[in-house]
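# Results of the structural survey
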Amino acid sequence: RADASSRFAEANRWGYFPSVSVGWIASEEKFMSNLSLINFLKFRASYGVSGNNTIPNYGSVGLVGYSYYVIGGSIVSGLVPSSLSNANLGWETSKQFDTGIESAFWNDRIRFTADLYQTINDNLLLNVPVPSILGVTMSLQNIGKVRNRGMELSLVTKNLTGRFEWTTYFNISFNRNRVLALGPEGDPIKSTSNQLSNITQVGRSIGDFYGY
């Protein structure tokens, strides 16, 4: 698919996001027809790219706002920068690869599903600190790359199927993220709220607790 967003500069307005998937139901093959234990078995894999444009309207345009200043003992109104222009601002992209297996045993009495995935978010849309001499303290930029890897497991068992029914559901997931890049210099991003501080830096997870 191709999407365009007027939130970005004209040169970077369009984003292109392909995807592909493939699956193989092995249980329908002849060599598995005599296996009564397994009544369904499917292998699948997919790869896709999606885009993120969730920034404010006119996010790539330098804007000005009203402000007041004292000149000669009088208060006068004027215009000051409220954001910096960025003609290079464009889509944040998320590239995900997933592979999985679906299976069922003993006439669907037991169903098991497993997925492995990796997602890489590139050209992250982040507010980056800039020198206040520019008139603002933050600038919206495409900066950084983050990787997420994980596993999802699901198990369903029909323990009793008579007048008294008993079905068990179990699922668990794991995810690990790591910052791969942060701008040309790789400087960490620190944030503080009251006494709680967080830091995002290359080689670590997003928003690690930071302090003594």
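Right above here is the structure, for reference.
Note that residues are indexed from 1 along each chain, following the sequence as it is written. Thresholds applied to this predicted model are a pLDDT of at least 70 for local features of residues and 80 or more for the giving and counting of side-chain atom pairs; totals over whole chains, interfaces and linings are not thresholded and use all residues. Water and hydrogen atoms play no part in the side-chain values, which are based on all heavy atoms of the structure.

### Structural notes on the overall build of the chain
Strands here are runs of E lasting at least two residues and helices are runs of H or I lasting at least four, both read from the DSSP assignment and numbered beginning at the N terminus. Scanning the chain for helices and strands turns up zero helices and 15 strands. Whereas a compact globule of 212 residues would reach a radius of gyration of roughly 17 Å, the chain reaches 26 Å, over 25% beyond that. With the C-alpha coordinates of the chain rotated into their principal frame, the extents come out at 95 × 45 × 35 Å. Note on classification: 1.4 Å probe, protein chains only; a residue is buried when its accessible area is under 20% of the maximum for its type, exposed when over 50%, partly exposed between these limits. Sorting the 212 residues of the chain into buried and exposed places 25% on the buried side. Sequence-distant contacts, at least 24 apart, represent 55% of the contacts inside the chain between residues at least 6 apart. To be clear on the numbers: accessible area is Shrake-Rupley with a 1.4 Å probe, and residue cover counts the displayed protein chains and nothing else. Element-wise, carbon and sulfur atoms account for 54% of the exposed surface of the chain, whose accessible area totals about 14900 Å². Throughout, the radius of gyration refers to the C-alpha atoms, and the reference size of a globule is 2.2 Å times the residue count to the power 0.38. Contact criterion: two residues are considered in contact whenever any of their non-hydrogen atoms come within 4.5 Å of each other.

### What about the environment of Ser103?
Relative to the elements of secondary structure, Ser103 occurs in strand 7 (residues 92-105). A sequence separation of 71 residues divides Ser103 from Phe174, and the C-alpha atoms of the two residues are 20 Å apart. When sequence neighbours within four positions are dropped, the list of residues in contact with Ser103 reads Phe40, Leu41, Ile110, Arg111 and Phe112.

### Focus: the packing of aromatic side chains
Aromatic contacts are taken between Phe, Tyr and Trp rings whose centres are within 6.5 Å, Trp giving its six-membered ring; a plane angle under 30 degrees counts as stacked, one over 60 as edge-to-face, and the others as tilted. Summed over the entire model, instances satisfying the criterion amount to four aromatic pairs. Summarising the aromatic geometry, the rings of Phe8 and Trp91 are spaced 5.5 Å apart at their centres and angled 55° between planes, so their arrangement reads as tilted. Of this pair, Phe8 sits in the loop between strand 1 (2-4) and strand 2 (14-16) while Trp91 sits in the loop between strand 6 (74-81) and strand 7, and the two are 83 residues apart along the sequence. With a centroid separation of 6.5 Å and an interplanar angle of 20°, the aromatic rings of Trp14 and Tyr16 are classed as stacked. Comparing Trp14 with Tyr16 shows no difference in burial state: the two are exposed. Here the aromatic cluster, defined as three or more aromatic residues joined through ring pairs, consists of Phe8, Phe17 and Trp91.

### A word on the pattern of salt bridges
Definition used for salt bridges: Asp or Glu carboxyl oxygen within 4 Å of a side-chain nitrogen of Lys or Arg. The final tally for this structure, using the stated rule, is six salt bridges. Note that Arg1 is salt-bridged to Asp3, the shortest N-O span being 2.9 Å. Between Glu102 and Arg44 there is a salt bridge; the shortest N-O distance is 2.7 Å. Here Glu102 is found in strand 7, whereas its partner Arg44 is found in strand 4 (residues 38-52), with 58 residues between them in sequence.

### Description of unusual backbone geometry
Positive phi outside glycine occurs at Trp106, with the angle close to 50°. Along the chain, the position of Trp106 falls in the loop between strand 7 and strand 8 (110-122). In the Ramachandran plot, Asn107 falls in the positive-phi region, its phi being about 55° despite a non-glycine side chain. By secondary structure assignment, the location of Asn107 is in the loop between strand 7 and strand 8.

Such coordinate-based values are descriptive only and should not be taken to indicate function.
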